[in-house]
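Observations on the three-dimensional arrangement
Here are the chains, one letter per residue:
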Amino acid sequence: MSGVQMITVAQDDDGQRVDRWLRRLFPHVNQGRIEKMCRKGELRVDGSRAKASTRVEAGQVVRVPPLSAQDLKPAEPREVRISKADAEMIRGCVIYKDDAVIVLNKPAGLAVQGGSGTTKHVDGLAEALKFDLDEKPRLVHRLDKDTSGVLVMARTRLAAQALTAAFRHHATRKIYWALVAGVPTPYLGEVKCGMVKAGGHGKHGEGEKMIALHSDDVDQTKGAKRSHTQYATLYRVASRAAWVAMEPITGRTHQLRLHMSEIGHPIAGDGKYGGSSQENLGDGWGAQIGGVISKKLHLHCRRMAFEHPTTKKELSITADLPPHMVESWETFGWSEDLAAEDPFESLR
């Protein structure tokens, strides 16, 4: 067993979560062991207790408690098996690639990371996206499993640090498209409220969801955070449904889905926040539009703009709609080129 180690964070590791930093240095230490170190106060950053999610900075000193021989055992190389069909599928999602960044148009229904019962996900398929580099690309943000569209990955550690910081500090712009029940008015508006997680059920918290709070109640509610979304109603079908663009100013879990539901216009196909059993009978409410409209979630990250980690110039990426949304658009006589690239330009 080793003794206590005091390790200085290198420049290349600036901005990493301390659990990921530690597992890169000691690959055999599992997540449960790291969580226990944090709970007991054994893992410290510059003398202070740390959580697994604490981000380290270059020059900080991390106290690592004694590690057992099992913890220090070199990890055996993990054989990653990806079928030819899955490899071709994920490579077909690439819409932009350079030496530092790779961008996917993520399909609806494909998870970004693994979880309970999830075996196929972007992170697990990333080995097929190495192309000419030795390392697989890293995730720097995520989309919900049923949300499609722009997903940015970093191809180097330095690019990952820069992009992770950009997402953490909201130095990116994202525009989502959605089909919603009813027609939001005013046509150009915003939603502001508090958000807090409501507990789910089952061993892994299945079914958990976010609930809205009045902004005045945020400071008094444990775990609550403020949220802000701008929206623009682009086109409508009588009073029944509308094509809406949304720009999240904050980046909370399920923010767009909850916000549209809160103003009475849930996103089509949203069984969690729209009431999938509620049929839209023309009054605007209900996530099931009916007719030939797919019951899949109609939420798509259409465009993302961010500073390139190497060139420092703005990079703007646009992703085409997924097949089920294309079919819905065709049903209503809409086409992707009808919408302005940035419907929120007047608000900037």
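Looking at an unreviewed UniProt entry, one finds the protein chain named Pseudouridine synthase and attributed to Epibacterium ulvae. According to its UniProt record, the protein chain has this under Sequence similarities (unreviewed entry): "Belongs to the pseudouridine synthase RluA family." Per UniProt, the protein chain has the following entry under Function (unreviewed entry): "Responsible for synthesis of pseudouridine from uracil."

In most cases, non-glycine residues show a negative phi, while peptide bonds are predominantly trans. Omega for the peptide link from Thr185 to Pro186 comes to 0°, which places this bond in the cis form. Among the secondary structure elements, Pro186 is positioned in the loop between β9 (172-181) and β10 (188-198). Even without being a glycine, His170 presents a positive backbone phi close to 60°. Following the sequence through the fold, His170 ends up in the loop between α6 (157-168) and β9. We note that His254 has phi near 60°; this positive angle belongs to a residue other than glycine. The exposure class assigned to His254 is buried, which follows from its relative accessible area of 16%.

Along the chain, Pro107 falls in the loop between β6 (101-106) and α5 (122-125). For Pro107, a relative accessible area of 27% corresponds to the partly exposed category. As a C-alpha pair, Pro107 and Gly149 span 42 residues in sequence and 6.9 Å in three-dimensional space.

Take α6 next. Here α6 contains twelve residues, and its C-alpha end-to-end distance of 16 Å stays within 8% of the 16 Å for a straight helix at 1.5 Å per residue. Of the positions making up α6, those classed as buried are Ala159, Ala160, Gln161, Leu163, Thr164, Ala166 and Phe167. Buried residues in α6 make contact with β6, β7 (138-139), β8 (148-154), β9 and β14 (299-307). Of the residues one or two after α6, His170 is the one with positive phi, at around 60°.

What follows is about the pattern of salt bridges. A side chain of one charge can pair with a side chain of the opposite charge when the charged atoms of the two come close. Taken as a whole and assessed by the stated rule, the structure comprises 14 salt bridges. Put simply, Glu42 and Lys40 hold a salt bridge, and the shortest N to O gap is 3.5 Å. In this structure, Glu341 engages Arg303 in a salt bridge whose closest nitrogen and oxygen atoms are separated by 3.4 Å. Taken together, the positions of Glu341 in the segment after α8 (323-332) and Arg303 in strand β14 put the pair 38 residues apart, joining distant regions of the chain. A relative accessible area of 57% places Glu341 in the exposed class.

One open sheet holds the four strands; their spatial order is β1-β4-β2-β3, and the pairing between them is antiparallel. What marks the edges here is a single partner per strand, and that holds for β1 (5-8) and β3 (48-49). The pairing of strand β2 (residues 44-45) with strand β4 (residues 61-64) spans two bridges and is antiparallel. The residue of β4 that forms the bridge with Val45 is Val62. Packing of helix α1 (residues 18-25) onto the sheet brings it into contact with β1, β2 and β4, and relative to β4 it is tilted by some 65°.

The rules we used
Residues numbered from 1 in each chain as written. Predicted model: local features only at pLDDT ≥ 70, side-chain atom pairs only at ≥ 80, totals over all residues. Heavy atoms only, no water. UniProt positions renumbered as here; feature names shortened; annotations may be inferred. Helix = DSSP H or I, 4+ residues; strand = E, 2+ residues; numbered from the N terminus. Buried < 20%, exposed > 50% of the residue type's maximum accessible area, 1.4 Å probe, protein only. Expected span 1.5 Å × (residues − 1). Contact = heavy atoms within 4.5 Å. Salt bridge = Lys/Arg side-chain N within 4 Å of Asp/Glu carboxyl O. Pairing = 2+ DSSP bridges. Axes fitted to C-alpha atoms, helices over the stretch in contact; angles between N-to-C directions.

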